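Now for the letters of each chain:
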Amino acid sequence: MLDTTPRWLSITLVSTSSALLISGIGFVLNLFDPFNITPFTLLLHFVWAIVVSSWVLNLKVRLPPEKKALLAVGVAVAIGSIWGAVQQWAAYLQSGIVNDITLVAGAVVMDAAGGLIVYILYHLNILGRKTGSSGPRSSPGSAHTSPLP
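Residues numbered from 1 in each chain as written. Predicted model: local features only at pLDDT ≥ 70, side-chain atom pairs only at ≥ 80, totals over all residues. Heavy atoms only, no water.

**With respect to the nonpolar core**
1) Next: Listed in full, the 10 residues of the largest apolar core are Trp8, Ile50, Val56, Leu57, Ala69, Ala72, Val118, Tyr122, Ile126 and Leu127.
2) Next: At the level of secondary structure, the elements contributing two or more residues to this core comprise helix H2 (39–58), helix H3 (65–95) and helix H4 (101–132).
3) Next: Broken down by element, this core gets its largest block of residues, 4 residues, from H4.
4) Next: Dropping the residues within four chain positions of it, Val118 is found in contact with Trp8, Ile50, Ser53, Ser54 and Leu57. (Core = buried A, V, L, I, M, F, W, Y, C linked by side-chain atoms within 4.5 Å. Buried < 20%, exposed > 50% of the residue type's maximum accessible area, 1.4 Å probe, protein only. Helix = DSSP H or I, 4+ residues; strand = E, 2+ residues; numbered from the N terminus. Contact = heavy atoms within 4.5 Å.)

Okay, here's the thing in structure tokens:
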């Protein structure tokens, strides 16, 4: 079910625990309003987009690693958009007023930014190591000599 490296799994677990901590602090301080999009909600969209895309990259999927990273960004934006739409409908049903369109667009931007952060981290930590660890390379101008029999 999981196809990951220990390094990437640790990044995922740290981001998950950080998101839970930020969400908990917002809940305790009464900053979290599930029916409205506020600046704190934008922060939550960003943090949870990082978590969702990190976990998507941990799943075993039959895709090349480069496309798997793009899939993670797409899933983060899709889930964030669904979350924003539910918040819009809940706000409308609760009070008859919709959220500011700028904040709604900001939530989608935060989802994309969170996904792109993970995309960059994945490329630097996982894909960079796979391509960089293809074996010893000789530099131009150096000669590899073997002992003569």
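**Some details on unusual backbone geometry**
1) Next: For Asn30, which is not a glycine, the phi torsion comes out positive at approximately 60°.
2) Next: Note on placement: Asn30 falls in the loop between helix H1 (6–28) and H2.

**Describing H3**
1) Next: For H3, built from 31 residues, the straight-helix expectation of 45 Å at 1.5 Å per residue is met to within 8% by its first-to-last C-alpha distance of 45 Å.
2) Next: Looking at H3, one finds that the buried residues are Lys68, Ala69, Ala72, Val73, Ala76, Gly80, Gly84, Gln87, Gln88, Ala90 and Ala91.
3) Next: Following H3 by one or two positions, Gly96 has its phi on the positive side, about 80°. (Expected span 1.5 Å × (residues − 1).)

**Quick word on the environment of Lys60**
1) Next: Structurally, Lys60 can be placed in the loop between H2 and H3.
2) Next: We classify Lys60 as exposed; its relative accessible area is 59%.
3) Next: Once the C-alpha coordinates of Lys60 and Thr4 are considered, the two residues, 56 residues apart in sequence, prove to be 8.0 Å apart.

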